[in-house]
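Structural overview
So you can see what is in the structure, the chains are spelled out below.
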Amino acid sequence: MCDASATDSEMRELQSVQVGPETKEYNLLRADEEYRNGNEAHSIYYQVRALFQCADMRLITEAQELENQTPNTMEILNAASAREKGDYKNNTFLCNILKHQKKFEQQRKAKTKEIPIDPLDFLEDCPDPVGGFTRIASVCEQLPPQWCVLQLCKSFNTATTYSTFYDIAVAKGDIYVALLRHCRTPELGPTCLHLDGDALGAIFREYGTLVERFRGVVTVNPLAITQEAKATYWRKLHAFGDDLKKLINELSTVFSPYCCLFLGKRYPSAAVEQQTRLVFRRVDAFCAEHKWSNHQRILLSQAALHANRLPRAEMKQLSSELSTNLNHNHNPNETEASLVYELLKNCANEWQQLELENAMAVKRLPLILVVDERLDHMHWEQLAPMQECTRIKSLHSLWRLYKSHKEQIQHGYYTVNIQRGMSLINPDGDLANSGRRLRGFLEYWLPQWQHMFETLPTEQTMTEQAFKSDCFVYAGHGSTLQYVSSRVIYRNRIRGIVFLFGCDSTRVLSTGLYSALYGAQDYYHGALCPTVVGTLMPALDGNMDNVSANLLSRWLAPSNQQVMPWTQIDRAAWISQGTVKAQKDLKRTEAELQDYQSGSLCSILASIQLGHVEPKIYNCCVYVCRGLPAWNLAVQKLPFPNP
């Protein structure tokens, strides 16, 4: 049997799409081995590699390779025979080909050259975990200092290497939580937690059938609508909502007391920065006195930074766990645990007072969740629903998007100024109620946009209009992949923000016995689209329309500042008829409500996750942001001083 170094040498150049699931599974196996042996840094290296193995780089690089292989006019003529050269001069059809080719070459020369991007695999020349971990730490340090980057990775399970996705999703496994960029970066490097237990296995099994259960509840026979059928429908839907709440609570319990890791840095201000320095000095002094590791110091720093968000029970649990020597599985040091608890209580009181005096201290900067494809169907945002959060498939994908859009990123946000956009609403024409509602909203709020209602788009429409707009909004079945192929998406460069309001629009799916999981967002990110908003699972159309209109009206500037804020329209009339009119006795305009809109897209999504728009859990937890956290300068300036 080959040793580990020999196998590493064979596997490091390959992606899972080339050799099947072995590549990813091998990296997960090595991550497990290294963690058990106490090599936390090496384990992080293999976790990062494992998540990158999901990418099919052939599709991402195909467009550039095809362009490089296209011969120019001179090459075509030089390779032609004498007879062919004569045809190129005299044959009208061939003459037109050459004219078109010359025109294409001129357009390509006139086009602004894109800034070269680093190789997709930044670990390509780092085959060993020592150099690889150093490279990962270096990449994370170069990301915006406002970000926290948290990676979630499911552990190796030999029994499911060649299983279907359903079997992999419901199988037992542990979760690695890697803090790739955290509140103490770059002073302290990445660290990692390992969560296990029987409760995780039960959660995986429940999540494995969640979407099918919801479909079973909401799918009804329109020819058999009776009062009894309606009562049964609502009873089953309420029961599903209760079960989903319970499932999310169980997931939160498994992560307790570490849910604070899902919180990002606080909005900067003089008072916040002063208090943060004070808190970290206390943490450092305590860790130095009690000889705590950097791992413990990072976790304690994160808890102290958000201490007022920790319930007292979690605070005690965290104090006990941190005072345990994690490397040797000793019992908790009761004295240390008591001191940590007092430290966290004091920090909580001070932060609470500061938040009362300074509203900016309550807000958090974006958290980037790097989520393993096998965990992507779970509701991670609900562990800290007030947090601005966005997801990405791998650290490599995040790095590629960041390098491509670096010039437009300010204070941790991808800044845009959306003026023109396009919408594609109910193209199949079979969602009459939804199409009527969204048409009423869009013609009221964004009449200056280009709209397509009940019209099937061509691929040319998608590539030349939708992909070139500042913002593209889709509402209908699925995710647009039925109208434009993944390869066509990859061959374009999409600079606008994309909203996909359809059932399962950004849910990752497999296409065979075993294959890497892909969602629409992966193809859009492959085309360098910075941000995609979509859904994790199906949703009810009336509720989705309400969320869509609320989200878009709060993030996109209306054509006329005298329009009513969307919160003041008569919702019943709009839901039933698509009619936009004011509620009784409410006639305030959008210009009069300065706090109605927000520049931060993730902030609005956080309010949706909290249930402020749709209170039912199955109507609010399905909306996620993927890619870079976006900020629309057309509705709000960044509230930070220039760097």
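Quick caveat, the model's predicted, so the values are computed rather than measured.

Scoring rules and cut-offs
Residues numbered from 1 in each chain as written. Predicted model: local features only at pLDDT ≥ 70, side-chain atom pairs only at ≥ 80, totals over all residues. Heavy atoms only, no water. Salt bridge = Lys/Arg side-chain N within 4 Å of Asp/Glu carboxyl O. Helix = DSSP H or I, 4+ residues; strand = E, 2+ residues; numbered from the N terminus. Buried < 20%, exposed > 50% of the residue type's maximum accessible area, 1.4 Å probe, protein only. 1 Å grid on protein atoms, 1.4 Å probe; cavity = no way out; pocket = protein on both sides within 12 Å on 5 of 7 lines; lining within 4 Å. Points joined across faces, edges and corners; volume = space filled by probe spheres on them. Nonpolar A, V, L, I, M, F, W, Y, C, P; charged D, E, K, R; others polar. pLDDT = per-residue confidence, 0-100. Contact = heavy atoms within 4.5 Å. Pairing = 2+ DSSP bridges. Core = buried A, V, L, I, M, F, W, Y, C linked by side-chain atoms within 4.5 Å.

1. What to know about the pattern of salt bridges
- Tallied over the full model, the rule gives 28 salt bridges.
- With a shortest N-O distance of 3.2 Å, Arg-30 and Glu-34 are connected by a salt bridge. Here the residue Arg-30 and the residue Glu-34 both occupy positions in helix H3 (residues 22-36), the gap between them amounting to 4 residues, near one helical turn. Exposure class is identical for Arg-30 and Glu-34. Each is buried.
- Close ionic contact of Asp-376 with Arg-626 constitutes a salt bridge, the shortest N to O distance being 2.7 Å.

2. Overview of the layout of surface pockets
- For the second largest pocket, the calculated volume is near 1100 Å³.
- Around the second largest pocket, the lining is made up of 41 residues, and of these Val-218, Val-220, Tyr-233, Leu-540 and Asp-541 lie nearest the centre.
- Looking at the lining of the second largest pocket, the elements that each hand over two or more residues are helix H12 (210-218), helix H13 (227-255), helix H19 (432-445), helix H23 (541-555) and helix H26 (617-620).
- It is H13 that contributes the most residues to the lining of the second largest pocket, 7 residues altogether.
- Looking at the lining of the second largest pocket residue by residue, the class counts come to 22 nonpolar, 12 polar and 7 charged.

3. Quick look at the confidence of the model for the protein
- With 89% of its residues at a pLDDT of 70 or more, the protein has an overall mean of 88.
- The model gives residues 15-19 a pLDDT under 50, and that stretch makes 14 contacts with residues more than four places away or in other chains.

4. Topic: the pairing of strand E8 (residues 421-425)
- The element E8 is extensively covered by neighbouring structure, given that 5 of its 5 residues are classed as buried.
- By the alternation rule, side chains of E8 split into Gly-421, Ser-423 and Ile-425 and Met-422 and Leu-424, which are all buried.
- Alignment of E8 against strand E10 (residues 471-475), held across 5 bridges, turns out to be parallel. Within the sheet, the bridge partner assigned to Ile-425 lies in E10 and is Ala-475.
- Sheet topology places E8 next to strand E9 (residues 450-453); 4 bridges connect them, and they run parallel. Each bridged residue has a counterpart across the sheet, and for Met-422 the counterpart in E9 is Gln-450.

5. Regarding the side chain of Gln-47
- Looking at where Gln-47 falls in the secondary structure, it is placed in helix H4 (residues 40-52).
- Ignoring anything within four residues of it in the chain, the contact list for Gln-47 reads Ala-31, Gln-151, Cys-153, Tyr-176, Ala-178 and Cys-192.

6. Focus: the side chain of Thr-480
- Tracing the backbone through its elements, the reader meets Thr-480 in the loop between E10 and helix H21 (486-490).
- Given the relative accessible area of 0%, Thr-480 is considered buried.
- In this structure Thr-480 touches Met-462, Phe-472, Tyr-474, Leu-500 and Tyr-524, once residues within four positions along its chain are discounted.

7. Points about the nonpolar core
- Grouped together as the largest cluster of nonpolar side chains are 151 residues, with contacts concentrated most on Phe-255, Phe-262, Trp-380, Phe-499, Trp-555 and Leu-601.
- Ranked by residues supplied to this core, first place goes to H13 with 9 residues.
- Non-local contacts of Leu-601, meaning those with residues more than four positions away in its chain, are made with Ile-497, Phe-499, Thr-531, Val-533, Leu-551, Trp-555, Cys-625 and Ala-630.

8. Looking at the sheet that holds strand E14 (residues 630-632)
- Taking strand neighbours across the sheet as the criterion, the 3 strands line up as E6-E7-E14 in an open arrangement whose pairing is mixed. The sheet terminates laterally at strand E6 (409-410) and E14, the two strands that pair on one side only.
- Bridge analysis of E6 against strand E7 (residues 413-416) gives 2 bridges, and the strand direction is antiparallel. Opposite Ile-409, over in E7, you have Tyr-414 as the bridge partner.

9. Points about the environment of Leu-322
- Topologically, Leu-322 is positioned in helix H16 (residues 312-322).
- Of the residues examined, Leu-322 reaches a relative accessible area of 0% and is grouped as buried.
- Linking Leu-322 and Asn-333, residues 11 residues apart in sequence, is a C-alpha distance of 9.2 Å.
- Residue contacts for Leu-322: discarding those within four places in its chain leaves Trp-292, Gln-296, Leu-299 and Leu-300.

10. Topic: empty space enclosed by the protein
- Going through the model one piece at a time under the given rule, you end up with 10 cavities of 30 Å³ or more.
- If you add up the space inside the second largest cavity, you get close to 90 Å³.
- Around the second largest cavity, the lining residues are Val-371, Glu-373, Asp-376, Arg-391, Ile-392, Lys-393, Val-508, Gln-521, Asp-522, His-525 and Arg-626.
- For the lining of the second largest cavity, the secondary-structure elements that each account for two or more residues are strand E5 (389-392) and helix H22 (520-526).
- The element best represented in the lining of the second largest cavity is H22, accounting for 3 residues.
- Looking at the lining of the second largest cavity residue by residue, the classes come out as 3 nonpolar, 2 polar and 6 charged.

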